[in-house]
Amino acid sequence: MLDFLGFKNLDELTNTNVPSQIRLEREMDLPQPIDEYRMLKELKQIAGKNKVYRSYIGMGYYDTIVPAVIIRNITQNIGWISQYTPYQAEISQGRLESLLNFQTMVAELTGLPTTNASLLDESTAVAEAVALASRATKRSKVMVDPFLHPQNLDLIKTRSAPLGISTVDLCIENPQLDKDVAAVVIQYPDTEGRVQNLEEIITKVHENKSLVVLVCDLMSLALLRSPGDLGADIAVGSAQRFGVPLGYGGPHAGFMAVGKNDSKNTLSRMMPGRIIGVSKDANGERALRLALQTREQHIRRDKATSNICTAQVIFFAICNILLKRRQFIVLELKLAGHTILHKDYFDTLKVQVTDINTVKKRAEQKQINLRYFADGSVGVSLDETTKAEDLINLVSVFNETSDLNEDQVMEALAEIPSPLIGNSIHARTSKFLQHPVFNSYHSEAQLVRYIKRLENKDVSLVHSMIPLGSCTMKLNASAELIPITWDSFNGIHPFAPVKQASGYQKIFKDLEKWLCEITGYDNFSLQPNSGANGEYAGLLAIRNYLIHSGQPQRNVCLIPTSAHGTNPASAQMANMRVVVVDSDHHGNINYKDLAAKAEKYSNELAAVMVTYPSTHGVFESSIKDVCDKVHEFGGQVYLDGANMNAQVGLCRPGDYGSDVSHLNLHKTFCIPHGGGGPGVGPIGVKFFEKNKVVQNFRKKHLSPFLPGHSIIPIDGRNTGAVSAAPWGSASNFILSLLPITWAYIRMMGHGGLKKASQMAILNANYMARRLEGAYRIVYKDEQGLVAHEFIIDCKPFKRSTGVEVVDIAKRLMDYGFHSPTMSWPVNDCLMIEPTESEDKAEMDRLVDALLSIREEIAMVERGELDRQINPLKMAPHTLSKVASDSWNLPYSRELAGFPKHWCHHKTWPTVGRIDDQFGDRNLVCTCPPIESYQ
Ligand SMILES: *Cc1c(COP(=O)(O)O)cnc(C)c1O
């Protein structure tokens, strides 16, 4: 490949395209690399330092049992976790169906019809609900129940203030509602375990034309009246306890469900996040896709063919057993002389104990974590894993003289009547989980086949390279994924005392140190649980720093037109004013325009948000000048680090003038994309003393404004949390997230990491050079090179043949490939990023597919294929279409289904082209285009 490009070695190539002013001229100071075997041994040792206590802390996190069939066939199956976000719906039907199942489950349990499938955790879901309520009602005050989980209160505070939403405490018995109140937010059951009668307050809130947000425990809704039954407008929460281990904080799927609050269905239309919708394909078959605007995704209940309710029975069974065990504890604690503080509760008790210090001491001896309230009382939350043996231990913590045995416990449990909630006013009477999907797979054989059937509908990294520009779909090495089975990572409650998590803390420390060395920053926060959340945390740090240093008027954020859609959205959330900067015809930031705008807003300038290498796939030589110019006028530089895959070992944002960046560990640092999440978006910050341009900034200027946490304080960090857990999505059974990145860096060392960046750049240049001629490469640097990704122009074909970029994307499915990034950052183009993981043969295969498609376009140009009915316009072709007796298209079946020899073993799209009127322009993410923010 180097020969083909005319370079002697990798250094010669990357010295040519990485500008000399910013090049890192030394080796990174990282530990020597080790092989897979030794890495796993070392990691196991570190994991062994974690002490897994039995946790009854609750607060939204509960231990769970993950069925072996799920572990084996989904969690440990790279075919299920390495797919991309389902933007190319025709080859994502499996994931879309499983997400639709999730949405349906949430809708049925909450009793609210419209749900989404993309929230990060419970606390961010609560913050989203508050923002939604404010938008929908055009009011700016929320009343918050003080008995929310503390991390939820935290997030409401962090996220609401910049949006101008004020919060006041809610008194459920006597709410002081007024015309400014957008919503009341209530935890159900509340953080102390109480189940309250909410009928009265909900009526009052609705009379005030405000909305009701219930933060609920999904599990409890099997027994308790659902938010829909109660008349709530929005329900949010976490699906963690439905089989996702604690994992020291996540990732755990958040959810949101909304009702029909008015005739215009305002809440459904305004609901944030991704919503899976049902549509039709070109053959009239049912097909799923991401619905961005139309909120028509609910499976019609009247299509249900069965009303056997196995799943419902299971939930009732789990909940009833849970309640019996809770009742057992209640009786035993009362016997021991303690006081149970509330009357109606679900699985959580608040106990006023006779002697708190004894309880604490005995809990520690028994390796049990309880929740200790500030008022000296104790919280106990049971979960589905609490067994007779646990009950014995638990009772002995509260009663030193207790000497129960298992038989006695079982006997006592049998005597407790069931169901406990029965026909109390809190009891649920409405049905749920009626849909056949919840009632059709009764045996393991059936379930395994269903899981496999879904997997087989999707193209993932087990089939082919996924060349998505800016998304860095690289190898997720098996060795990095091994720790997903280790209980020493999975079993830790996020609010367990830090000293029980020394293994995790060691990994965090290593990672913070290594990421600092890789990026040139001085401090890192691992809390943000996505790239966009990192952007938000970084901008918030800038904003809070400016406010604290007496410059609150600085709120303008300069953002180039080419920026990722999350950039302007994050700026808005952080209460900054977006001012758009032009690009020049090379796709670079228009430096003149930037300088002019920095000067024009010199009194209000807060920050610039730039991506480097640019989203156009070029190392712009002006980057240092851009940073200097912004500093000159008192602004800070936010560098979007999603493209770090081109820079590791070659140049460092902290060196060339950036103040803060997020990294996408799920891109550059090998965490699988998991079909659209979870992710980790840590942010690094610079200590400003090192920057000579502006003298009057205090030392460590942004560090104190990194996200903190109210339950587990993080040294010196005072800004509110941006995620529910202090270290965000540390790890869990689905993916041991941070250990993956740890393992990657540990095995690569400085040399391996640098070579990875160089290979990523070589691969992109090789593919670009091979495609050149057939396709125009839209942007290159002065030397004619690209960085780690490049854009090919598909605009001319539209004029000459009517073939659009979407036709090329769909036709690639017939060749067995997932399309590159479509129409972003440039309309009617494709952006290709091969990454370092792909070998020459695989890249050649993709190039050959694209060249072959170019030839098909030429056939249309020459009139050899019809302009309307050709393999591109009709793509993708399903197997049933190609094999159908009624083939009547004016080209051959072989050309349709087997355009290349390898297509005999491809993954077939399971549906034809999906009827989807919108979205072509904005397929990268669901945020509106940047222009709409101006
Ligand atoms: C992926 C990406 C983001 C957003 O990251 P998420 O984890 O998807 O929120 C931001 N900027 C750029 C350039 C990206 O490629």
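In case you missed it, the structure is sitting above this.
Predicted, not measured: the structure shown is a model, and the values here were computed from it. (Residues numbered from 1 in each chain as written. Predicted model: local features only at pLDDT ≥ 70, side-chain atom pairs only at ≥ 80, totals over all residues. Heavy atoms only, no water.)

Structural notes on the site of the ligand
Neighbouring the ligand are 13 residues; Ser-470, Gly-531, Asp-640, His-666 and Lys-667 lie closest to it. At 2.7 Å, a backbone N or O of Gly-531 approaches an oxygen atom of the ligand. In the environment of the ligand, an oxygen atom lies 2.7 Å from a nitrogen or oxygen atom belonging to the side chain of Lys-667. Here the ligand has 380 Å² of accessible area as a free molecule, and 87% of this is covered by the chains. Of all the elements, helix α20 (residues 531–548) adds the most residues to the shell around the ligand, at 3 residues. Residues of the shell around the ligand, tallied by class, amount to 2 nonpolar, 8 polar and 3 charged. (Near = heavy atom within 4 Å. Polar contact = N/O pair within 3.5 Å; in protein donor to acceptor, adjacent residues only side chain to side chain. Areas by Shrake-Rupley, 256 points an atom, 1.4 Å probe, with all protein chains shown as cover. Helix = DSSP H or I, 4+ residues; strand = E, 2+ residues; numbered from the N terminus. Nonpolar A, V, L, I, M, F, W, Y, C, P; charged D, E, K, R; others polar.)

Examining the pattern of salt bridges
As enumerated under the stated definition, the model contains 46 salt bridges in all. Across the pair Arg-194 and Glu-192 runs a salt bridge, and its minimum N-O distance is 3.8 Å. As far as the burial class goes, Arg-194 and Glu-192 line up, both buried. Salt-bridge contacts for Arg-362 lead to Glu-400; the nearest nitrogen and oxygen are separated by 3.9 Å. Within this pair, whereas Arg-362 is found in helix α13 (residues 356–365), its partner Glu-400 is found in the loop between α14 (388–398) and α15 (406–415), the two being separated by 38 residues in sequence. Relative accessible area serves as the criterion here: at 13%, Arg-362 is assigned to the buried category. The class of Glu-400 is exposed, set by a relative accessible area of 55%. The network of salt bridges with common partners includes Asp-190, Glu-192, Arg-194, Lys-350 and Asp-375. (Salt bridge = Lys/Arg side-chain N within 4 Å of Asp/Glu carboxyl O. Buried < 20%, exposed > 50% of the residue type's maximum accessible area, 1.4 Å probe, protein only.)

Observations concerning helix α8 (residues 150–160)
In terms of residue burial, α8 counts as a mostly covered element, since 8 of its 11 residues are buried. Listed as buried for α8 are Gln-151, Asn-152, Asp-154, Leu-155, Ile-156, Thr-158, Arg-159 and Ser-160.

Section: the sheet that holds strand β24 (residues 790–793)
The antiparallel open sheet is built from 4 strands, whose spatial order is β23-β24-β26-β25. The outermost strands of the open sheet, each flanked by one partner alone, are β23 (776–777) and β25 (821–822). (Pairing = 2+ DSSP bridges.)

Notes on the nonpolar core
Grouped together as the largest cluster of nonpolar side chains are 183 residues, with contacts concentrated most on Leu-370, Phe-398, Ile-518 and Ile-745. Among the elements that take part in this core, helix α25 (residues 737–771) stands out by supplying 12 residues, more than any other. The next biggest cluster of nonpolar side chains, apart from the first, holds 34 residues, and it includes Ala-764, Phe-797, Ile-832 and Met-843. (Core = buried A, V, L, I, M, F, W, Y, C linked by side-chain atoms within 4.5 Å.)

Focus on unusual backbone geometry
For the peptide bond that leads from Tyr-188 to Pro-189, omega is -10°, which places it in the cis range. On the secondary structure map, Pro-189 appears in the loop between β5 (181–188) and α9 (199–207). Between Trp-824 and the following residue, Pro-825, the backbone shows a cis peptide bond with an omega angle of 0°. Within the fold, Pro-825 resides in the loop between β25 and β26 (829–832). One non-glycine residue with positive phi stands out, namely Ser-823, at about 55°. Checked against the element boundaries, Ser-823 lands in the loop between β25 and β26. Under the relative-accessibility criterion, Ser-823 is labelled buried at 7%. The phi torsion at Thr-835 lies on the positive side, around 65°, for a residue other than glycine. Structurally, the position occupied by Thr-835 is in the loop between β26 and α28 (840–861). Judged by relative accessible area, which is 1%, Thr-835 ranks as buried.

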